[in-house]
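The lines below spell out each chain.
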There are 2 protein chains.
Amino acid sequence: MSEPIEFYFDFSSPYSYLASEKIDALAAKHGRKVKWKPILLGIVFKTTGAVPLTQAPMKGDYSRHDFERSARFLDVPFKLPEKFPVATQAAARAYYWLHDRDCALARRFAHAVFCAFYVAGRDISDTATVLNLAAALGVNEEELATALAGQELKDRLRTEVEAAIARGVFGAPYIVIDGEPFWGADRLPQIEQWLETGGF
Amino acid sequence: MSEPIEFYFDFSSPYSYLASEKIDALAAKHGRKVKWKPILLGIVFKTTGAVPLTQAPMKGDYSRHDFERSARFLDVPFKLPEKFPVATQAAARAYYWLHDRDCALARRFAHAVFCAFYVAGRDISDTATVLNLAAALGVNEEELATALAGQELKDRLRTEVEAAIARGVFGAPYIVIDGEPFWGADRLPQIEQWLETGGF
């Protein structure tokens, strides 16, 4: 039995969202599972010195245009939210809390967060939005709210982000298949060939 | 008659080399021509504040690995030269000088420079190498050497790079089809669909 594919992403990363809409089906086609791991690009960029794409001189305007074109190319609904980029701590912490309880539910929650942000344009940096999205999936809102306010879950997310950085994750989406890293939604065709052929 | 596709590249950019091996055939398939325009990423990065990929923390190792994997994926021979990245002023200046005389010859010269660097591992920053590559294509070496030493050709390259920056070119390869910009060799599939459908 192969190890699951690792999928590192930030809820505020458009290319992460695009990859999130494709990676499970791509993996399933080749009998593979995917382990989703939300991270915080803000912390990663403190290590690498990188700047968010939309804030990079000249690249910013291009990237906003490319997000939308790439979404059309991949046939994924997408609208850049008015408030962008946003902090994704609450969403990422909620994901890990849910994942420890029910990993299928955590996956549905992750899709719901991406969809709320990139389709409905909701502010996913707001803890109330995160709680609302979880509640719509049947999660006990009060329990989650308590966990989100606690130190344990904060530490958990910090540990996950530090582990990702230690593993070499410098951007998102960052997908690892049997130790082979692929950065960016535009590596999906290479990922597909890698899964088909076992490496090239 | 459509305008030619613009192909901005730096001879020292691996992804530019990969795109250079594909762009003419892709364009020809859709009855389009390509205008090649060597630029200097070093000057571009002074404007944008970007750092060369291989010198970026963490991204450096990944990118070296990705150059080779992407070349295999695209079925293009590739070996990262020992001396890399290199200054490409001489090659770029020679390209424009040749282009003003014989644009087909300039195209053959550009391929020869890329091949010398990424297949044979030669030092294309060396003016002697550039002259040698041109001479092998029947160019008068002495005339080219005189032009390369002159101010006019230096100014010409500077003007071309400044025009590219003014046009929004922030990296390479940067391909423009009827005003629509595509950055990176990984946008070749989008370029293909754009040419097929006239936009999406």
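Peer 1: Give me the interface of chain B and chain A: which residues, what numbers.
Peer 2: Contact residues are listed per partner, giving 29 residues for chain B and 29 residues for chain A. Considering only the side of chain B, the residues that lose the most area to chain A are Met 58, Tyr 62 and Phe 73 of chain B, jointly responsible for 25% of the buried surface there. Here chain B is connected to chain A by six salt bridges. In this structure, Arg 187 of chain B and Asp 66 of chain A form a salt bridge, with 2.7 Å as the shortest nitrogen-oxygen distance. On the surface where chain B and chain A come into contact, there are 18 residue pairs in polar contact (both at pLDDT 80 or more). Elements that contribute at least two residues to the side of chain B that touches chain A include exactly helix H3 (41–48), helix H4 (59–74), strand E4 (180–183) and helix H10 (188–197) of chain B. Sorting elements by how many residues they give to the side of chain B that touches chain A places H4 of chain B first, with eight residues. In terms of residue class, the side of chain B that touches chain A is made up of 15 nonpolar, seven polar and seven charged.

Peer 1: Now, about the relation of the copies chain B and chain A: what can you tell me, with residues and values included?
Peer 2: Once chain B has been moved 0.0 Å along the axis and rotated by 180°, it coincides with chain A to within an RMSD of 0.0 Å. Expressed as an axis order, the relation between the two copies is that of a two-fold axis. Minimal C-alpha separation from the rotation axis in chain B is found for Asp 186 of chain B, amounting to 3.1 Å. Interface residue correspondence from chain B to chain A reaches 100%, placing this contact among same-surface, isologous pairings.

Peer 1: Describe in detail the environment of Lys 83 of chain A, supporting the description with residues and values.
Peer 2: All names here are of chain A. Examined against the element boundaries, Lys 83 turns out to sit in the loop between helix H4 (59–73) and helix H5 (89–101). In this structure Lys 83 comes out as partly exposed when scored by relative accessible area, which is 46%. Counting along the chain gives 71 residues from Lys 83 to Ser 12, while the straight-line C-alpha distance between them is 10 Å. Setting aside its immediate chain neighbours within four residues, Lys 83 contacts Phe 117, Asp 123 and Ser 125. At 2.8 Å, the side chain of Lys 83 forms a polar contact with the side chain of Asp 123.

Peer 1: Tell me about the pattern of salt bridges, and please be specific about residues and values.
Peer 2: Applying the stated criterion across every chain yields a total of 30 salt bridges over all chains. Here Arg 32 of chain A and Asp 178 of chain A are joined by a salt bridge, their closest N and O atoms 2.7 Å apart. Highlighted residues: Arg 32 of chain A in the loop between helix H2 (23–29) and strand E2 (34–38) and Asp 178 of chain A in the loop between strand E3 (174–177) and strand E4 (180–183), separated in sequence by 146 residues. Across the pair Arg 167 of chain B and Glu 6 of chain B runs a salt bridge, and its minimum N-O distance is 2.8 Å. Here Arg 167 of chain B is found in the loop between helix H9 (151–166) and strand E3 (174–177), whereas its partner Glu 6 of chain B is found in strand E1 (residues 5–9), with 161 residues between them in sequence. A relative accessible area of 15% means that Glu 6 of chain B is categorised as buried. One salt-bridge network, in which partners are shared between bridges, spans Asp 66, Arg 69, Glu 180, Asp 186 and Arg 187 of chain A together with Asp 66, Arg 69, Glu 180, Asp 186 and Arg 187 of chain B.

Peer 1: Describe the packing of helix H5 (residues 89–101) of chain B against helix H8 (residues 141–149) of chain B, with residues and values.
Peer 2: Residue and element names in this part refer to chain B. At a minimum axis distance of 10 Å, the contact between H5 and H8 shows a crossing angle of 115°. Crossing of H5 against H8: the hand is right-handed. Contacts from Ala 90, Arg 93, Ala 94 and Trp 97 in H5 reach Glu 143, Leu 144, Ala 147 and Leu 148 in H8. Taken together, the residues that form the contact of H5 with H8 break down as six nonpolar, no polar and two charged.

Peer 1: Go over the pairing of E3 of chain A with me, naming the residues and quoting the values.
Peer 2: Residue and element names in this part refer to chain A. By the alternation rule, side chains of E3 split into Tyr 174 and Val 176 and Ile 175 and Ile 177, which are all buried. Bridging between strand E1 (residues 5–9) and E3 involves three bridges; their strand directions are antiparallel. If you follow Phe 7 over to E3, its bridge partner there is Ile 175. Two elements, E3 and E4, share four bridges in a ladder whose sense is antiparallel. Across the sheet, the residue bridging to Tyr 174 is Trp 183, located in E4. Linking E3 back to E4 in an antiparallel pair, the connection comprises two residues, with Asp 178 at a positive phi of about 50°.

Peer 1: With reference to specific residues and values, describe helix H6 (residues 103–118) of chain A.
Peer 2: All names here are of chain A. The end-to-end C-alpha distance of H6 is 23 Å, a good match for the 22 Å that 16 residues give at a rise of 1.5 Å each. Considering only its buried residues, H6 is in contact with E1, helix H1 (14–20), H2, E2, H5 and helix H7 (127–135). Backbone nitrogen of Ala 104 and a side-chain oxygen of the N-cap are separated by 3.1 Å at the start of H6; the cap is Asp 102.

Peer 1: Residue-level account of the sheet that holds E4 of chain A, with values.
Peer 2: The strands that make up a sheet are held in pairs by hydrogen bonds between backbone atoms, and each pair lies either parallel or antiparallel. Residues and elements named next belong to chain A. With respect to topology, four strands assemble into an open sheet ordered E2-E1-E3-E4, the strand pairing being mixed. A single partner strand is all that each edge strand has here, and the edge strands are E2 and E4. Taking each pair of neighbouring strands and ignoring which way they run, the sheet shows an average axis angle of 20°. H6 rests against E1 and E2 of the sheet, and its axis sits at about 50° to E2.

So, how was this worked out
Residues numbered from 1 in each chain as written. Chains lettered and ligands numbered in written order. Predicted model: local features only at pLDDT ≥ 70, side-chain atom pairs only at ≥ 80, totals over all residues. Heavy atoms only, no water. Contact = heavy atoms within 4.5 Å. Buried area = accessible area lost by both parts, 1.4 Å probe. Salt bridge = Lys/Arg side-chain N within 4 Å of Asp/Glu carboxyl O. Polar contact = N/O pair within 3.5 Å; in protein donor to acceptor, adjacent residues only side chain to side chain. Helix = DSSP H or I, 4+ residues; strand = E, 2+ residues; numbered from the N terminus. Nonpolar A, V, L, I, M, F, W, Y, C, P; charged D, E, K, R; others polar. Least-squares fit on C-alpha atoms with pLDDT ≥ 70 in both. Buried < 20%, exposed > 50% of the residue type's maximum accessible area, 1.4 Å probe, protein only. Axes fitted to C-alpha atoms, helices over the stretch in contact; angles between N-to-C directions. Left-handed = near helix turned anticlockwise from the far one by under 90°. Pairing = 2+ DSSP bridges. Expected span 1.5 Å × (residues − 1).

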